[in-house]
Amino acid sequence: MLPGATPGTPAEPEIATEAEAGLDTRSLSRSLFQRFATLTPEHPDHPYVRDTLIELNLPLVRYAAARFRSRNEPMEDIVQVGTIGLIKAIDRFDNERGVEFPTFAMPTIIGEIKRFFRDTSWSVRVPRRLQELRLSLTRAGDELAQKLDRSPTVAELAACLGVSEEDVVEGLAVGNAYTASSLDTTPTDEDGDGPLAERLGYEDTAMEGVEYRESLKPLLARLPARERRIIMLRFFGNMTQSQIGEEIGISQMHVSRLLTRTLAQLREGLISEG
């Protein structure tokens, strides 16, 4: 008795006899499809024949899933998704068209697996256009690498696919969104500095001056135009006092006195507002 058979159904003895007679899987599958085409979903033999067809053709799913073994998804999940494509192909197959079932089913199985990766396996959601562009870039990159015996350039990829170089760069960058690293990941080398979370970010010393700069804005706005210009040239233009004197047309000594007086005013303004 084949797995999934229901004792007492009319189809069971016939199918079991064929299996015991040593018919190959393809011939048995072909005969089952002929019988399946005559059954309505309400017929008691329908679930058994359908389940048997699924079991007989599971090698097609495993063959298709092997093409995606380099992906990070578990092979069991890929096979499960491919089985959904197999079931769809079984339900749609027309035995009268003269096409072998594996030829008909393989595009459906592979399409279901690709749809799974495209729609659910990205760590960061990206537009479908870029997902498809990335797949095209992968295929084009493999073909060009074999032809050129080296990795293709962005310009060569763009010419091969008929897209702009900006699109190629964007499509290549999309690959970074496919998988995400855990913040708790530790470096593989012995000289690592701890988990990724501890190595991200840095202390921005410029942040300390934000409050002072914001407080100085209204004080600078109240300065005379010449003194304000001197402050800007000295601290934002990084000019020396001599250079400022030449720029404004006064002596370096005069610039020094104006700077000293103006900085004292600003300091007093900051203290009084604080």
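Criteria and cut-off values
- Residues numbered from 1 in each chain as written.
- Predicted model: local features only at pLDDT ≥ 70, side-chain atom pairs only at ≥ 80, totals over all residues.
- Heavy atoms only, no water.
- Helix = DSSP H or I, 4+ residues; strand = E, 2+ residues; numbered from the N terminus.
- Buried < 20%, exposed > 50% of the residue type's maximum accessible area, 1.4 Å probe, protein only.
- Contact = heavy atoms within 4.5 Å.
- Salt bridge = Lys/Arg side-chain N within 4 Å of Asp/Glu carboxyl O.
- Axes fitted to C-alpha atoms, helices over the stretch in contact; angles between N-to-C directions.
- Parallel < 35°, antiparallel > 145°, perpendicular 65-115°, else oblique.
- Left-handed = near helix turned anticlockwise from the far one by under 90°.
- Nonpolar A, V, L, I, M, F, W, Y, C, P; charged D, E, K, R; others polar.
- pLDDT = per-residue confidence, 0-100.
- UniProt positions renumbered as here; feature names shortened; annotations may be inferred.
- Phe/Tyr/Trp six-rings, centres within 6.5 Å; stacked < 30°, edge-to-face > 60°.
- Lys NZ or Arg CZ within 6 Å of the ring centre and 35° of its normal.

By the naming in an unreviewed UniProt entry, the protein is RNA polymerase sigma factor SigF, taken from Streptacidiphilus cavernicola.

*Asks:* Any chance you could explain the overall build of the protein here in plain terms?
*Replies:* Regarding its fold elements, the protein presents 14 helices and zero strands. Moving toward the C terminus, one meets the helices and strands of the protein in the order α-α-α-α-α-α-α-α-α-α-α-α-α-α. Looking at the protein residue by residue over its 274 residues, the buried ones come to 30%. Within the protein, residue pairs in contact and separated by at least 24 positions form 53% of the contacts whose partners lie at least 6 positions apart.

*Asks:* Looking at this model, I keep getting lost on the pattern of salt bridges. Mind explaining?
*Replies:* Scanning all chains against the criterion turns up ten salt bridges. With a closest N to O distance of 3.3 Å, R30 and E100 form a salt bridge. Here the residue R30 occupies a position in helix α2 (residues 25-36), and E100 occupies one in the loop between α5 (75-92) and α6 (101-120), the gap between them amounting to 70 residues. For E100, a relative accessible area of 33% translates into the label partly exposed. Note that E227 and R261 form a salt bridge whose closest N and O atoms lie 3.1 Å from each other.

*Asks:* Looking at this structure, I do not really get the packing of helix α7 (residues 128-148) against helix α8 (residues 154-161). What am I missing?
*Replies:* The description of two helices packed together rests on the angle between their axes and the distance between the axes. For the pair α7 and α8, interaxial distance at closest approach is 10 Å and the crossing angle is 110°. Here α8 runs roughly perpendicular to α7, going by the angle between their axes. For the element pair α7 and α8, the recorded crossing hand is right-handed. Taken together, the residues of α8 that come into contact with α7 (itself represented by L133, S136, L137, A140, G141, L144 and L148) are E156, L157, C160 and L161. Here the contact of α7 with α8 is built from residues that sort into eight nonpolar, two polar and one charged.

*Asks:* Would you explain unusual backbone geometry in this entry?
*Replies:* Glycine aside, residues mostly have negative phi, and peptide bonds are mostly found in the trans state. One non-glycine residue, D149, lies in positive phi territory at about 60°. Within the secondary structure layout, D149 lies in the loop between α7 and α8. A relative accessible area of 72% places D149 in the exposed class. We note that N238 has phi near 55°; this positive angle belongs to a residue other than glycine. Topologically, N238 is positioned in the loop between α12 (225-235) and α13 (241-248).

*Asks:* Just to check I follow, could you spell out the packing of helix α3 (residues 46-56) against α5 for this structure?
*Replies:* Across the interface, α3 lies against α5 with an axial gap of 10 Å and an inter-helix angle of 130°. Overall, the two elements α3 and α5 adopt an arrangement that is oblique. In the crossing of α3 with α5, the sense of the turn from one axis to the other is right-handed. On α5, the residues touching R50, L53 and I54 of α3 are T83, L86, I87, I90 and D91. Classifying every residue of the contact of α3 with α5 by side-chain character gives five nonpolar, one polar and two charged.

*Asks:* I keep staring at the environment of E170 and nothing clicks. Help me out?
*Replies:* Tracing the backbone through its elements, the reader meets E170 in helix α9 (residues 165-174). The sequence separation of E170 and L130 amounts to 40 residues, and the corresponding C-alpha distance is 7.7 Å. The residues contacting E170, other than those within four sequence positions of it, are R129 and L130.

*Asks:* I tried to follow the confidence of the model for the protein on my own but got confused; where do I start?
*Replies:* Reading predicted coordinates in detail is not appropriate for stretches of low pLDDT. The predicted model of the protein has a mean per-residue pLDDT of 78, with 74% of residues at 70 or higher. This stretch, residues 1-23, has a pLDDT under 50; its non-local contacts, to residues over four places away or in other chains, come to 28 contacts.

*Asks:* Help me out: how do you make sense of the UniProt feature "domain: RNA polymerase sigma-70" (unreviewed entry) in the protein in this one?
*Replies:* The sites that carry the UniProt feature "domain: RNA polymerase sigma-70" (unreviewed entry) are, in the present numbering, residues 77-90. Secondary structure content for residues 77-90 is 100% helix and 0% strand, and the end C-alpha separation is 20 Å.

*Asks:* What is the right way to read the side chain of H46 from this model?
*Replies:* Tracing the backbone shows H46 in helix α3. Look at H46 and you get buried, because its relative accessible area is 13%.

*Asks:* For this particular structure, what's the right way to read the packing of aromatic side chains?
*Replies:* Aromatic rings in a pair are described by how distant their centres are and how their planes are angled relative to each other. For the structure on display, the rule yields four aromatic pairs. With centroids separated by 5.5 Å and ring planes inclined at 55°, the aromatic side chains of F93 and F104 adopt a geometry described as tilted. Taken together, the residues span a long stretch of sequence, with F93 in the loop between α5 and α6 and F104 in helix α6 at a distance of eleven residues. Residue class for F104 comes out partly exposed when judged on its relative accessible area of 26%. One aromatic cluster is present, formed by F33, F93, F101 and F104 through successive ring pairs. Above the face of the F235 ring, R234 is positioned so that its terminal group lies 5.7 Å from the ring centre.

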